[in-house]
Amino acid sequence: MYTVVGAPMTRSFRVLWALEELGQPYELIPALPQSPEILEVTDSGKVPALIEGDAVLTDSTAIITYLADKHGGLTAPAGTLARAQQDAMTQRFLDELDAVLWTAARHSFALPKDQRVADVKPSLMWEFNRNLNRIAPLIKGPFVLGENFTLADIVLTHCLSWAFGAKFPVDNQAMLDYGKAMRGRAAHQRVAALTKT
């Protein structure tokens, strides 16, 4: 049994979704960033953390990659061209979507008030949509890499949901349709239900 430390409305959602898709049991310790619960397991104070035995893993993408490799699902095999393509798309989503959203979040609540620049947000919204419009034609459909749901879909869908929550307008209809289809997955819905409790 795994233990996940992190609130479902954070990047912890990615880890919980991967565990649900893989059918792996877990215990959830809801914890916000910098809370006592997360600081007990990692001095960074960042969520999520995955505890397996005495080991503590951090970073949502590193964790879901580990889980996918270990349980033989949600990923192309290591050393294959398909894996390289999957990793390239995942990294692109992190660089061009996640990083933009996190910059907006830092300037909304994470940075000290005297370091926040509210005027940066319109530029970030423009950048997010520009990047999303460049990514959309690369989706081989119905999933990022074609016929197989992978961890790349988890990262992309989470970024789309995060954008919605952050009130970033998404103009690309194909991406809106994709996100709606991914959120309809049973495993996603089980994790989404955790955010309401």
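Residues numbered from 1 in each chain as written. Predicted model: local features only at pLDDT ≥ 70, side-chain atom pairs only at ≥ 80, totals over all residues. Heavy atoms only, no water.

## Observations regarding the pattern of salt bridges
1) Next: By the definition in use, this model includes 8 salt bridges.
2) Next: E96 is the partner of R92 in a salt bridge, and the nearest nitrogen-oxygen pair spans 3.1 Å. Here R92 and its partner E96 are both found in helix 4 (residues 81-110), 4 residues apart, which amounts to about one turn of the helix.
3) Next: What makes R92 partly exposed here is its relative accessible area of 24%.
4) Next: Several salt bridges share partner residues, and in doing so they unite R11, R14 and D98 into one network. (Salt bridge = Lys/Arg side-chain N within 4 Å of Asp/Glu carboxyl O. Helix = DSSP H or I, 4+ residues; strand = E, 2+ residues; numbered from the N terminus. Buried < 20%, exposed > 50% of the residue type's maximum accessible area, 1.4 Å probe, protein only.)

## Regarding helix 6 (residues 151-165)
1) Next: In a regular helix each residue adds 1.5 Å, so 15 residues correspond to 21 Å; helix 6 covers 21 Å between its end C-alpha atoms and thus fits that length.
2) Next: For helix 6, the tally of buried residues reaches 12 of 15 residues, placing the bulk of the element in the interior.
3) Next: All of the buried residues along helix 6 are L151, A152, D153, I154, V155, L156, T157, H158, C159, L160, W162 and A163.
4) Next: Phi for K167, located one or two positions after helix 6, is positive at around 65 degrees. (Expected span 1.5 Å × (residues − 1).)

## Some points on the pairing of strand 3 (residues 49-52)
Walk down a regular strand and you will see the side chains alternate between the two sheet faces.
1) Next: Direction of pairing for strand 1 (residues 2-5) relative to strand 3: antiparallel, over a ladder of 3 bridges. When the sheet's bridge partners are listed, V5 is paired in strand 3 with A49.
2) Next: Direction of pairing for strand 3 relative to strand 4 (residues 55-58): antiparallel, over a ladder of 4 bridges. Residue A49 lies in a different strand from strand 4, and its bridge partner there is T58.
3) Next: From the end of strand 3 to the start of strand 4, which pair antiparallel, there are 2 residues, and G53 there has a positive phi angle of about 65 degrees. (Pairing = 2+ DSSP bridges.)

## Quick word on the environment of A192
1) Next: Within the fold, A192 resides in helix 8 (residues 186-194).
2) Next: For A192, a relative accessible area of 17% corresponds to the buried category.
3) Next: Linking A192 and F13, residues 179 residues apart in sequence, is a C-alpha distance of 8.2 Å.

## Quick notes on the packing of helix 4 against helix 5 (residues 121-135)
When two helices pack together, their arrangement is captured by the angle between the axes and the distance separating the axes.
1) Next: Direction vectors running N to C along helix 4 and helix 5 enclose 165 degrees, while the axes themselves pass 10 Å from each other. Taken as axis vectors, helix 4 and helix 5 run roughly antiparallel relative to one another. Every pair of crossing elements has a handedness; the one defined by helix 4 and helix 5 is left-handed. Each of R92, F93, E96, L97, V100, L101, T103, A104, H107 and S108 in helix 4 lies in contact with helix 5, whose residues at this interface are K121, L124, E127, F128, N131, L132, R134 and I135.
2) Next: Considering only residue class, the contact of helix 4 with helix 5 consists of 9 nonpolar, 4 polar and 5 charged. (Axes fitted to C-alpha atoms, helices over the stretch in contact; angles between N-to-C directions. Parallel < 35°, antiparallel > 145°, perpendicular 65-115°, else oblique. Left-handed = near helix turned anticlockwise from the far one by under 90°. Contact = heavy atoms within 4.5 Å. Nonpolar A, V, L, I, M, F, W, Y, C, P; charged D, E, K, R; others polar.)

## As for the environment of A152
1) Next: If you trace the backbone, A152 turns up in helix 6.
2) Next: Separated by 99 residues in the primary sequence, A152 and G53 place their C-alpha atoms 27 Å from one another.
3) Next: If we ignore the near neighbours within four places in the chain, the residues touching A152 are Q86, T90, F93 and V144.

## Considerations on the nonpolar core
1) Next: If you look at the biggest cluster of nonpolar residues, it comprises 50 residues, and the most contacted ones within it are F93, F128, I139 and L156.
2) Next: At the level of elements, strand 1, helix 1 (12-22), helix 3 (60-71), helix 4, helix 5, helix 6, helix 7 (173-183) and helix 8 are the ones that each hand at least two residues to this core.
3) Next: In terms of residues, this core owes the most to one element, helix 6, which gives 9 residues.
4) Next: In this structure L156 touches F93, L97, L132, I139, V144, M175 and Y178, once residues within four positions along its chain are discounted. (Core = buried A, V, L, I, M, F, W, Y, C linked by side-chain atoms within 4.5 Å.)

## Digging into the packing of aromatic side chains
1) Next: Within the structure shown, the criterion is met by 4 aromatic pairs.
2) Next: Ring plane angle 80 degrees and centroid distance 6.3 Å describe the contact between F13 and W17, whose orientation is recorded as edge-to-face. Placement of both F13 and W17 in helix 1 is noted, with a separation of 4 residues, approximately one turn of the helix. For the pair F13 and W17, one class covers both residues: buried.
3) Next: Between the aromatic rings of W17 and F149, the centroid separation amounts to 5.6 Å while the plane-to-plane angle is 50 degrees, which identifies the pairing as tilted. Taken as a pair, W17 in helix 1 and F149 in the loop between helix 5 and helix 6 lie far apart in primary sequence, 132 residues in all. The exposure classification of W17 matches that of F149, with both residues buried.
4) Next: Connected via pairs of aromatic rings, a cluster forms that spans F13, W17, F143 and F149. (Phe/Tyr/Trp six-rings, centres within 6.5 Å; stacked < 30°, edge-to-face > 60°.)

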